[in-house]
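Report on the structure
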Amino acid sequence: FPISLRVCVCVCVGRVRYFKYIYITLNLFYRCLNSLRPYHGILLLTEPLDLLESLQIDCSPALKRLIQMYNPLKSLQTLAADSDLTLAQVFQLAGHLVYWAKATIIYPLCESNVYVVSPDAVLTSQLLDSFSEHFPGVCLLQVISDFSLPTSISQKLNPLSQPQQQTQLVKIIIWLLKNHLLLQLHTYVRYVPTVYGRLSLDTQDQQTNDTIARIEESESTWSLNETPKGTPTEIKEELSLTDKEDALYDFQSEDYDIPSDDRKLLDRLCRLGYFDGDYHLEEIMYLENIRRSQLLQLLDKFRDVLMTSECEDPAIALFYSRLGT
């Protein structure tokens, strides 16, 4: 029989916060913890000072340092560096906080984050009263309506607004995330070849045969000085050993020239499987150490063959839907 764990889950209804217990399998619990990535962050469901005061006297000093350095704008990797802890320690401490319903897993807040109203969002009078107490003069219904369509934080920021207004916007989003009224959408990319983005195998075979024929015709006129890659026999061996997928991700635009570096980057990311629709931009940025601007430029230049979609990160979704929250 599968082993079950009794997990404490925090439920917020306005100012009232209560805890309920649900049973999950051990495998599901480990799946949640194994889904953590260094680019993820944590969102404390209680105030850091209140959490520190509630800790036992003999609690881990590492946990205290982590809470003291906590910031929803920081990733787990950054928290590890700021707290002078190893990444493995931060993962374990984050797992404990999630287990005891003191925190949940999010992607660190930044201007490029896109949020939308959660399909499970339920507005109650308690939530309306709690929001009014935290943010006087701001209407929760208006804020929710602003996120009825996917909206990024940068779209909500006004360049002419005061720093206090920007800080308030971040606090509002944090409050909405704590109460599970918003969920974050990530951009996933899928390579969809067209007649310009993929060479058929027959075309590749024909091009290879034509190249070999041209080599055979010109063998008698070649000299050592005119043969930069070796003898014609070696060249034909290279062509025969060439993978038929070499031209799979070659793309030429009819409207404008695309630099070779961009085509090489497209080819590399496609071959590594990042454009199969299973990786979002933030994950690609972390794994390949690529700036967001580079990926956005790539999406624009190859928009004829790169299709994008926005959906929730399955790793973070485990900490919401799968745990019954």
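Every value quoted in this text rests on a predicted model; they were computed, and no experiment measured them.

What counts, and at which threshold
Residues numbered from 1 in each chain as written. Predicted model: local features only at pLDDT ≥ 70, side-chain atom pairs only at ≥ 80, totals over all residues. Heavy atoms only, no water. Salt bridge = Lys/Arg side-chain N within 4 Å of Asp/Glu carboxyl O. Helix = DSSP H or I, 4+ residues; strand = E, 2+ residues; numbered from the N terminus. Buried < 20%, exposed > 50% of the residue type's maximum accessible area, 1.4 Å probe, protein only. Expected span 1.5 Å × (residues − 1). Axes fitted to C-alpha atoms, helices over the stretch in contact; angles between N-to-C directions. Parallel < 35°, antiparallel > 145°, perpendicular 65-115°, else oblique. Left-handed = near helix turned anticlockwise from the far one by under 90°. Contact = heavy atoms within 4.5 Å. Nonpolar A, V, L, I, M, F, W, Y, C, P; charged D, E, K, R; others polar.

**Quick word on the pattern of salt bridges**
In a structure, side chains of opposite charge can pair up when their charged atoms sit close to one another. Under the counting rule described, the total for this entry stands at seven salt bridges. Of the charged contacts in the structure, one is a salt bridge between Asp 262 and Lys 301, with a shortest N-O distance of 2.5 Å. Taken as a pair, Asp 262 in helix α12 (residues 260-271) and Lys 301 in helix α14 (residues 292-301) lie far apart in primary sequence, 39 residues in all. The class for Asp 262 is buried, based on a relative accessible area of 15%. Across the pair Glu 288 and Arg 268 runs a salt bridge whose closest N-O atoms are separated by 2.6 Å. Residue Glu 288 is located in helix α13 (residues 281-288), and its partner Arg 268 is located in helix α12; the two are separated by 20 residues in the primary sequence. Take Arg 268: its relative accessible area is 36%, and that puts it in the partly exposed class.

**A few points about helix α9 (residues 163-178)**
Compared with the 22 Å implied by 1.5 Å per residue over 16 residues, the 23 Å span of α9 between its first and last C-alpha is a close match. Leu 169, Ile 172, Ile 173, Ile 174, Trp 175, Leu 176, Leu 177 and Lys 178 are the residues of α9 that are buried. Looking one or two residues past α9, His 180 carries a phi angle of roughly 60°, positive in sign.

**What to know about the packing of α13 against α14**
Each pair of packed helices can be described by the angle between their axes along with the distance between the axes. Between α13 and α14, whose axes approach to 10 Å, the crossing angle comes to 120°. Between α13 and α14, the angle is such that the two are oblique. Seen from above, α13 lies across α14 with right-handed handedness. Of α14, the residues touching α13 (which contributes Leu 281, Glu 282, Ile 284 and Met 285) are Arg 292, Leu 295, Leu 296 and Leu 299. Along the lines of polarity and charge, the residues of the contact of α13 with α14 split into six nonpolar, no polar and two charged.

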